[in-house]
Every structure is written in structure tokens, then in C-alpha cells.
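Descriptive analysis of the structure
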Amino acid sequence: MSRKVVAAYFLSLDGVAEGADKFLTAWDDEMDAAGARLIETQDTVILGRRTYDEWVGFWPNSDIQPFTDFINAVPKYVATSTPLDDTWANTEVIDGGLVDFVRDLKNQPGDDIGVHGSISVAQSLLAAGLLDELSLVIAPTVVATGKRLLDNLPSLRLEVIRSTTSPTGHLLVTYRVVPS
């Protein structure tokens, strides 16, 4: 059995994934618990270059748990064509193309492979049929502008695995991507 690739995103109600700090209206214990459950099943993370550059300056010195301990310890693979400027423990640049790399990684032993914060990485993996699940926190906010997670993709069919509403009104939904 191959490993699952699970992408996790904060979205506005109109699908914007960029700049979540601008549209998340609150935070609560249910959102914390969902995040903790998500990372418990992951032992590898794929990041895009822009996310890497933003995160390398934040997460190594953060005290936001349990994500800080997870992201600093887990093997991280970065999709980029240029060398990384800053170093971060357990990080490697993907050698070759993203799709081929992830296809190979899925066939290696291990737990789930996480995609966090990298919209273009998730879009590429969705388009290639390699992303297995989407774990979303949908804020009760419409922001109207910003990069949307599901733009410019082929048709996809999704099945709800679990869903709940947090006490602050955020929808917590996990979808399985139905293979076409």
C-alpha cells in the first residue's frame, strides 16, 4: 500500500488560501486538536520555495505547539530550482521534478506525506492525481482577492471523510480525492 499525500490549508469561504493570517477570524481548541491529529500521521513534508523562505525564518524559533516540534524535526523536501539561501534542519531540495519525486516517495515505506502552505505544490499534485486528501479549515470570511487553492485545476471529485464546525464557526473538513 502506498503512502497518502495530505494537503492542509486554511481557506476563506471563497477559496482563498493566500494570507490566511488576514482572514482567520479566531482560533479555538477544536482547530488545535484537528491540526494535532493531522500531523500525528505525517512523517514527511513537501514545501514550495516561497513557503520554505517564509517558514525558515519563523518556525525554528517559534513556540507554537505542537506544529513547531513537528515541522522542525520532520524531513522536509523543497520544490525549487535554485539553492536554498538559509538552512533548516532536515531539509533537502527535491532533485528532479516534483511529480516524479512525490510519485517515488509515495511508494517508499512511511507514514503520510504532508503538504502545508504551498499552494502551487498542492495544485501540481492535484493535477497529477497524486494528492489523496485535502484537510481544510474554512473561515467564515469572504476576502475576494488572493490566490485560490482550487483555481486552474482539472475537474476533481471529492468525498467527505469527516467534517465539523468549530466553536468559532470555522468549518473543519477533510476530503478524499476520488481517483478519476
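The subject of this paragraph is the overall build of the protein chain. Across its full length, the protein chain carries five helices and eight strands. For a compact globule of 180 residues, the expected C-alpha radius of gyration is about 16 Å, and the protein chain comes in at 16 Å, within 12% of that figure. Projected onto its principal axes, the C-alpha positions of the protein chain cover 40 × 40 × 30 Å. Counting the 180 residues in the protein chain, one finds 43% classified as buried. Pairs at least 24 apart in sequence give 74% of the contacts found in the protein chain among residues at least 6 apart. Carbon together with sulfur atoms contributes 50% to the accessible area of the protein chain, which is approximately 9,500 Å² in total. Charge separation in the protein chain, taken as the distance between the mean sites of 14 positive and 25 negative side-chain charges, equals 7 Å.

On to the packing of helix α4 (residues 98–106) against helix α5 (residues 119–127). Contact geometry for α4 and α5: axes closest at 10 Å, N-to-C directions at 70 degrees. Considered as vectors, α4 and α5 are oriented roughly perpendicular to each other. Contact residues: Leu98, Val99 and Val102 in α4; Val121, Ser124 and Leu125 in α5. A breakdown of the residues in the contact of α4 with α5 according to their chemical character gives five nonpolar, one polar and no charged.

A separate point is the sheet that holds strand β4 (residues 91–93). The strand order across the open sheet formed by eight strands is β4-β3-β2-β5-β1-β6-β8-β7, and the pairing between neighbours is mixed. Strands with a single pairing partner mark the edges of an open sheet, and in this sheet they are β4 and β7 (157–165). Direction aside, the axes of adjacent strands within the sheet are offset by 25 degrees on average.

Here the focus is the layout of surface pockets. The calculated volume of the second largest pocket comes to roughly 260 Å³. Of the residues that constitute the lining of the second largest pocket, the class distribution is 10 nonpolar, three polar and five charged.

Turning next to the side chain of Ser12. Tracing the chain through its elements places Ser12 in strand β1 (residues 5–12). In this structure Ser12 comes out as buried when scored by relative accessible area, which is 1%. A distance of 2.4 Å separates the side chain of Ser12 from the side chain of Asp14, its partner in a polar contact. Ignoring anything within four residues of it in the chain, the contact list for Ser12 reads Phe23, Ile138, Ala139, Thr141 and Val143.

Criteria and cut-off values
Residues numbered from 1 in each chain as written. Predicted model: local features only at pLDDT ≥ 70, side-chain atom pairs only at ≥ 80, totals over all residues. Heavy atoms only, no water. Helix = DSSP H or I, 4+ residues; strand = E, 2+ residues; numbered from the N terminus. Rg over C-alpha atoms; globule rule 2.2 N^0.38 Å. Buried < 20%, exposed > 50% of the residue type's maximum accessible area, 1.4 Å probe, protein only. Contact = heavy atoms within 4.5 Å. Areas by Shrake-Rupley, 256 points an atom, 1.4 Å probe, with all protein chains shown as cover. Lys, Arg positive; Asp, Glu negative; His and termini not counted. Charge placed at Lys NZ, Arg CZ, Asp CG, Glu CD. Axes fitted to C-alpha atoms, helices over the stretch in contact; angles between N-to-C directions. Parallel < 35°, antiparallel > 145°, perpendicular 65-115°, else oblique. Nonpolar A, V, L, I, M, F, W, Y, C, P; charged D, E, K, R; others polar. Pairing = 2+ DSSP bridges. 1 Å grid on protein atoms, 1.4 Å probe; cavity = no way out; pocket = protein on both sides within 12 Å on 5 of 7 lines; lining within 4 Å. Points joined across faces, edges and corners; volume = space filled by probe spheres on them. Polar contact = N/O pair within 3.5 Å; in protein donor to acceptor, adjacent residues only side chain to side chain.

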